Amino acid sequence: MASKIFVRPISIAFNAFRNYSSSSKLVDVSINDKTGIATVTMQRPPVNSLNYELLIELNGAFQDLGSKKIKGAILTSSLKTIFSAGLDILEMYKPKPERANAFWTSLQDTWITIFNTPYPTVAAINGHSPAGGCLLSLACEYRVMVNNYTIGLNETKLGIVAPFWFVASMKNTISNRESELALTSGRLYKTDEAFKVGLVDETAENKEDALAKAEKFFSRFDAVNPIARFLTKQELRGKIVKVGRKTFIYKIFRKFQICMMTRI
Ligand SMILES: CCCCC/C=C\C/C=C\CCC/C=C/C(=O)SCCNC(=O)CCNC(=O)[C@H](O)C(C)(C)COP(=O)(O)OP(=O)(O)OC[C@H]1O[C@@H](n2cnc3c(N)ncnc32)[C@H](O)[C@@H]1OP(=O)(O)O
């Protein structure tokens, strides 16, 4: 029996941008009462492109789950062939500086929230997952991907530069060497190729199979103290978040990106 969580309204989460708030539900969250596993489903057709509103809802959903006693959370998509097309290109096309700033902040906050959850996370990647879509999956602890789709950080192919926390997320998952080859060439891996290099941990026949494999991942922690688990996760991931968020370089980089976005 699954119970629904009401995702925090956007207007409460970010009052400064009330104009951009939306009452539509872009993220569905359900918790299976029997297993204690939460499923967070992105549902922004046609391609789950990450705009400000979707990011705010996603961030709110993962934050709210932190206060529930869940065994783990699965991130997936309601769409048949797309996990997420990455950042919404419309957000990057001549935005107002305030919107660009809010958008960029929401992207990074969402990444930090998912990257740092106290509970285990799995991305059940049931469709294509380029660029920002790949980033979302990299923020999770484990990735199960349905066959015959593509995933990767393809920014250079689009003529843009992946921010260093995108790169750090990739390097947290696959080797430095493979990251360099992948990022400089903007490579999109097919599911089986992604599995070979460790970008995804398991492949699946279809979404149901991916969800079942994702659920199985959580049982690894049945005999593990959750606090010890979380502190260990922080030990491993904390430095990446610190570098991503606090540094002077980050502030400069963000200004540069906002400048780029407001000029194209
Ligand atoms: C790209 C230039 C931006 C410049 C930015 C400048 C500064 C910013 C600095 C740094 C940012 C770096 C980090 C960037 C991260 C990103 O995530 S960038 C986005 C990268 N995304 C992609 O490259 C995906 C592009 N899309 C696809 O490959 C395909 O659409 C697909 C996801 C595989 C789905 O294919 P298919 O099922 O065949 O569907 P369609 O191609 O027909 O698409 C359906 C409609 O969806 C629209 N759409 C697709 N992707 C996006 C998107 N990312 N944002 C907004 N809209 C998208 C597509 O236009 C179709 O719309 P219409 O039906 O034609 O109206």
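Our subject is the structure listed above.
Structure report, in brief. Worth saying up front: this structure is predicted, and the values here are computed from it rather than measured.

### Describing the overall build of the protein chain
Consideration 1: Looking only at helices and strands, the protein chain features 10 helices and 10 strands.
Consideration 2: Counting over 264 residues, the protein chain shows a buried share of 51%.
Consideration 3: Contacts in the protein chain between residues at least 24 apart in sequence constitute 74% of all its contacts with a sequence separation of at least 6.

### Points about helix 6 (residues 176-185)
Consideration 1: Of the positions making up helix 6, those classed as buried are Glu178, Ser179, Ala182 and Leu183. For helix 6, the angular spread of the buried residues around the axis is 115°, confining them to a single face. Turned more than 90 degrees away from the buried face of helix 6 sit Arg177 and Thr184, all of them exposed.
Consideration 2: Where the residues of helix 6 are buried, they touch helix 5 (164-171), strand 9 (189-190) and helix 7 (191-197).
Consideration 3: Phi turns positive, to about 60°, at Gly186, one or two residues after helix 6.

### A short note on the sheet that holds strand 9
Consideration 1: The sheet built from three strands is open, its strands ordered 6-8-9 with mixed pairing. Because the sheet does not close on itself, it has two edges, and the strands there are strand 6 (129-130) and strand 9.
Consideration 2: Bridging between strand 6 and strand 8 (residues 150-152) involves two bridges; their strand directions are parallel. What sits directly across from Pro130, in strand 8, is Gly152.

### Remarks on the pairing of strand 4 (residues 72-77)
Consideration 1: Counting buried residues along strand 4, six of its six residues qualify, which places the element largely inside the surrounding structure.
Consideration 2: Neither face of strand 4 is left uncovered, since the one carrying Gly72, Ile74 and Thr76 and the one carrying Ala73, Leu75 and Ser77 both have all their residues buried.
Consideration 3: As defined by bridge partners, strand 3 (residues 37-42) adjoins strand 4 across six bridges and the pair is classed as parallel. Directly across from Val40, in strand 4, lies its bridge partner Leu75.
Consideration 4: Traced from strand 3 through helix 2 (residues 52-65) to strand 4, the parallel crossover comes out right-handed.
Consideration 5: As defined by bridge partners, strand 4 adjoins strand 5 (residues 121-125) across three bridges and the pair is classed as parallel. By the bridge assignment, Ile74 is partnered in strand 5 with Val122.

### A short note on the packing of helix 3 (residues 97-115) against helix 4 (residues 132-139)
Consideration 1: The interhelical angle for the contact between helix 3 and helix 4, taken along N-to-C directions, is 30°, at an axis separation of 8 Å. Taken as axis vectors, helix 3 and helix 4 run roughly parallel relative to one another. Touching Leu107, Thr110, Trp111, Ile114 and Phe115 of helix 3 are Leu135, Leu136, Leu138 and Ala139, all from helix 4.
Consideration 2: The residue inventory of the contact of helix 3 with helix 4, partitioned by class, reads eight nonpolar, one polar and no charged.

### A word on helix 4
Consideration 1: Along helix 4, eight of the eight residues are buried, which leaves the element largely enclosed by surrounding structure.
Consideration 2: For helix 4, every residue scored as buried is listed here: Gly132, Gly133, Cys134, Leu135, Leu136, Ser137, Leu138 and Ala139.

### A closer look at the packing of aromatic side chains
Each aromatic ring pair is described using two quantities: the centre-to-centre distance and the angle formed by the ring planes.
Consideration 1: In the structure shown here, the tally under the stated rule is eight aromatic pairs.
Consideration 2: Look at Trp111 and Trp165: their rings are 5.1 Å apart centre to centre, the planes differ by 40°, and that puts the pair in the tilted class. One end of the pair, Trp111, is in helix 3; the other, Trp165, is in helix 5, and 54 residues separate them in sequence. In this pair, the class of Trp111 matches that of Trp165, namely buried.
Consideration 3: With 5.9 Å between their ring centres and 65° between their planes, Phe217 and Phe218 make a pair best called edge-to-face. Residues Phe217 and Phe218 agree in their burial class; the two are buried.
Consideration 4: Grouped by ring-pair contacts, the aromatic residues Phe103, Trp104, Trp111, Phe115, Trp165 and Phe166 constitute a single cluster.

Thresholds, definitions, all that
Residues numbered from 1 in each chain as written. Predicted model: local features only at pLDDT ≥ 70, side-chain atom pairs only at ≥ 80, totals over all residues. Heavy atoms only, no water. Helix = DSSP H or I, 4+ residues; strand = E, 2+ residues; numbered from the N terminus. Buried < 20%, exposed > 50% of the residue type's maximum accessible area, 1.4 Å probe, protein only. Contact = heavy atoms within 4.5 Å. Arc of directions from axis to C-beta. Pairing = 2+ DSSP bridges. Right-handed = clockwise from strand over helix to strand, strands pointing away. Axes fitted to C-alpha atoms, helices over the stretch in contact; angles between N-to-C directions. Parallel < 35°, antiparallel > 145°, perpendicular 65-115°, else oblique. Nonpolar A, V, L, I, M, F, W, Y, C, P; charged D, E, K, R; others polar. Phe/Tyr/Trp six-rings, centres within 6.5 Å; stacked < 30°, edge-to-face > 60°.

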